[in-house]
Amino acid sequence: MAEQDSSQEKTEEPTPRRLQKARDEGQVPRSKELGTTMVLVMGAAGLLMFGPFMSERIAAMAKHSFSFDRDTAFDTGMMTSYLDASALEAAIALAPWLVVVLIAAFAGPLLVGGWLFSGKAITPKLDRLNPLSGLKRMFSANSLVELFKAWAKVLVVGTVAWLTLMFFFQDAMRIQYENTESAIDHAVTIIIWSVLALCASTALIAIVDVPWQIYSFTKKMRMSMQEIKDEYKETEGKPEVKSKVRQLQREVAQRRMMADVPEADVVITNPTHYSVALRYDAGASAAPVLLAKGSDRVALKIREIAKENNVPQMQAPPLARALFTHTKVGDEIPEGLYVAVAQVLAYIYQMDQFAKGKGPKPERKPDMPIPRDLRVDPDPS
């Protein structure tokens, strides 16, 4: 029993198929801290960049909204017009900052986990309503990490806030001696820089959280050796099933090949081990095409079909071996065998003319030269 349990330990790294399946189900490493940090930092940076523009437009909007005469104040149509103009002006003032925040909100998930659209992630799960499962999640390692992060955020942000206050303390004290307009600008600058510093402090938490989320997700996805074996069987199929499929594929291909033998111009044999069927159609191909080939029983079957359909046969062992070895079914013969095959076809044509009484009998069989690089030694058996 102990050996069985140890074999089920999830010690192996997740396979690509396991990770893809988890992704399809909406499970990817995510860091909430990273997304929050991106939005806060970019939002504060956006205020720093577009603050003057926004303040000018909003000030102009306020000045326009409250600058009207008595008649305009009692004209309800004009008030609506003023409201529409103010809303448009506010939208224009806030648009650059909102675009920056929107980009940050969408860019955050890209950094860890990437984009993910999965309907399974939002499917209700009844097991989440189980109180025992809820208690288990509350006291899990992940919950302890989240509690630690919450305390860490309070500590880090509090420390950065204190340091920022100390840094800007003298500047803040000098505001009371400035005129109103300068004091407002100075105060806004201090506030924005302070907010940016506080937001940036959350980056420290994100730097720790991102590796932890990736490690936690990878650990959760780990597999046992048995799971890897089962996945391999599901992906590749059982050996006996694959063998049966390959056998059926061979049988289908062989039947298709045998059906083409009656269309051949000649069948060249070994004569006992190999048979190859050739056809030459000058209008369809530049060279003869191998319609069928086989050894032993398949070779015998090719010869039987050729005999039944009056397809000429010729014994040429070296050429048969070369064609069988160097040519696939449906392909044109190699260029080095053009001369040998042309001599065979010419000889078959002369024999056909002789049988019909239209020509003399060929004196001898052709030489059928085989290039050295295409020669195949005879089977020792």
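Residues numbered from 1 in each chain as written. Predicted model: local features only at pLDDT ≥ 70, side-chain atom pairs only at ≥ 80, totals over all residues. Heavy atoms only, no water.

1. Structural notes on the overall build of the chain
Link 1 in the chain: Scanning the chain from terminus to terminus reveals 13 helices and four strands.
Link 2 in the chain: Across the chain, every contact between residues at least 6 apart in sequence was considered, and the portion connecting residues at least 24 apart equals 75%.
Link 3 in the chain: As presented, the chain carries roughly 25700 Å² of accessible surface, and 62% of it is formed by carbon and sulfur atoms. (Helix = DSSP H or I, 4+ residues; strand = E, 2+ residues; numbered from the N terminus. Contact = heavy atoms within 4.5 Å. Areas by Shrake-Rupley, 256 points an atom, 1.4 Å probe, with all protein chains shown as cover.)

2. Remarks on the pairing of strand β1 (residues 266–269)
Link 1 in the chain: A two-sided burial pattern is seen for β1, the buried positions comprising Val-266 and Ile-268 on one face and Val-267 and Thr-269 on the other.
Link 2 in the chain: Direction of pairing for β1 relative to strand β2 (residues 274–279): antiparallel, over a ladder of four bridges. The residue bridging Ile-268 from the neighbouring strand is Val-276, located in β2.
Link 3 in the chain: Between the antiparallel neighbours β1 and β2 lie four residues.
Link 4 in the chain: Where β1 meets strand β4 (residues 313–315), three bridges bridge the pair, whose relative direction is parallel. The residue bridging Thr-269 from the neighbouring strand is Gln-315, located in β4. (Buried < 20%, exposed > 50% of the residue type's maximum accessible area, 1.4 Å probe, protein only. Pairing = 2+ DSSP bridges.)

3. Focus on the layout of surface pockets
Link 1 in the chain: Estimates place the volume of the second largest pocket at around 380 Å³.
Link 2 in the chain: Every residue lining the second largest pocket is listed: Leu-47, Leu-48, Gly-51, Pro-52, Met-54, Ser-55, Glu-181, Ile-184, Asp-185, Val-188, Thr-189 and Ile-192.
Link 3 in the chain: Among the secondary structure elements, those contributing two or more residues to the lining of the second largest pocket are α3 (32–65) and α8 (180–221).
Link 4 in the chain: Grouping the constituent residues of the lining of the second largest pocket by class yields seven nonpolar, three polar and two charged. (1 Å grid on protein atoms, 1.4 Å probe; cavity = no way out; pocket = protein on both sides within 12 Å on 5 of 7 lines; lining within 4 Å. Points joined across faces, edges and corners; volume = space filled by probe spheres on them. Nonpolar A, V, L, I, M, F, W, Y, C, P; charged D, E, K, R; others polar.)

4. A closer look at the packing of aromatic side chains
Link 1 in the chain: The final tally for this structure, using the stated rule, is three aromatic pairs.
Link 2 in the chain: Note on Trp-212 and Tyr-215: the rings are 5.9 Å apart at their centroids and 45 degrees apart in plane angle, and the pair reads as tilted. Placement of the pair is Trp-212 and Tyr-215 together in helix α8, with a separation of three residues, close to one helical turn.
Link 3 in the chain: The class for Tyr-215 is partly exposed, based on a relative accessible area of 42%.
Link 4 in the chain: Both rings, one in Tyr-274 and one in Phe-324, keep their centres 4.5 Å apart while their planes meet at 40 degrees; by these two values the pair is tilted. Residue Tyr-274 is located in strand β2, and its partner Phe-324 is located in helix α12 (residues 317–326); the two are separated by 50 residues in the primary sequence. In this pair, the class of Tyr-274 matches that of Phe-324, namely buried. (Phe/Tyr/Trp six-rings, centres within 6.5 Å; stacked < 30°, edge-to-face > 60°.)

5. Section: the sheet that holds β2
The pairing of strands in a sheet comes from backbone hydrogen bonds and takes either a parallel or an antiparallel form.
Link 1 in the chain: With mixed pairing, the four strands of this open sheet are ordered in space as β3-β2-β1-β4. Looking at strand neighbours, the two that pair on one side only are β3 (289–295) and β4, the edges of this open sheet. Direction aside, the axes of adjacent strands within the sheet are offset by 20 degrees on average.
Link 2 in the chain: Along the sheet face, helix α11 (residues 297–308) touches β1, β2, β3 and β4 and points at about 130 degrees away from the line of β3.
Link 3 in the chain: Against the sheet, helix α13 (residues 338–355) contacts β1, β2 and β4, and its axis sits at roughly 120 degrees relative to β1. (Axes fitted to C-alpha atoms, helices over the stretch in contact; angles between N-to-C directions.)

6. Digging into the nonpolar core
Link 1 in the chain: Core analysis: the largest hydrophobic core is formed by 23 residues, its most contacted members being Ile-268, Leu-278, Leu-319, Leu-323, Leu-337 and Val-344.
Link 2 in the chain: Residue assignment for this core shows that the elements contributing at least two residues are β1, β2, α12 and α13.
Link 3 in the chain: If we ignore the near neighbours within four places in the chain, the residues touching Leu-337 are Leu-319, Ala-322, Leu-323, Ile-370, Pro-371 and Leu-374.
Link 4 in the chain: If you look at the next biggest cluster of nonpolar residues, it comprises 13 residues, including Val-261, Leu-291, Ile-305 and Val-311. (Core = buried A, V, L, I, M, F, W, Y, C linked by side-chain atoms within 4.5 Å.)

7. Some thoughts on α3
Link 1 in the chain: Across its 34 residues, α3 extends only 41 Å between first and last C-alpha, which sits more than 12% below the 50 Å expected from 1.5 Å per residue.
Link 2 in the chain: Among the residues of α3, those classed as buried are Glu-33, Leu-34, Thr-37, Gly-43, Ala-44, Gly-46, Gly-51, Met-54, Met-61 and Ser-65. (Expected span 1.5 Å × (residues − 1).)

8. Section: a nonpolar patch on the surface
Link 1 in the chain: Taken together, the side chains of Trp-162, Leu-163, Leu-165 and Met-166 present a nonpolar region at the surface, about 440 Å² in accessible area.
Link 2 in the chain: Within the secondary structure layout, Met-166 lies in helix α7 (residues 141–174). (Patch = residues over 30% accessible without salt bridge, like charges linked within 9 Å, V, L, I, M, F, W, Y side chains within 5 Å. Salt bridge = Lys/Arg side-chain N within 4 Å of Asp/Glu carboxyl O.)

9. Describing α13
Link 1 in the chain: For α13, with 18 residues, the first-to-last C-alpha span of 26 Å sits near the 26 Å given by 1.5 Å per residue.
Link 2 in the chain: For α13, the complete set of buried residues consists of Ala-340, Val-341, Val-344, Tyr-347, Ile-348 and Gln-353.
Link 3 in the chain: Packing partners of the buried residues in α13 comprise β1, β2, β4 and α12.
Link 4 in the chain: Gly-357, located one to two residues past α13, shows a positive phi value of around 75 degrees.

10. Quick word on the confidence of the model for the chain
Link 1 in the chain: For the chain, per-residue confidence averages 80 on the pLDDT scale, and 86% of positions sit at 70 or higher.
Link 2 in the chain: For the stretch residues 1–7, pLDDT sits under 50, and the model shows two contacts to residues farther than four places along the chain or on other chains. (pLDDT = per-residue confidence, 0-100.)

11. Side note on unusual backbone geometry
Most peptide bonds are trans, and most residues other than glycine sit at a negative phi.
Link 1 in the chain: One non-glycine residue, Asn-310, lies in the positive phi region at around 60 degrees.
Link 2 in the chain: Positionally, Asn-310 belongs in the loop between α11 and β4.
Link 3 in the chain: Under the relative-accessibility criterion, Asn-310 is labelled exposed at 69%.
Link 4 in the chain: A positive phi angle, close to 55 degrees, is found at Met-368, a residue other than glycine.

12. Observations concerning the side chain of Ser-194
Link 1 in the chain: Mapping Ser-194 onto the fold places it in helix α8.
Link 2 in the chain: Those residues within four positions of Ser-194 in sequence are excluded, and the remaining contacts are Thr-164 and Phe-168.

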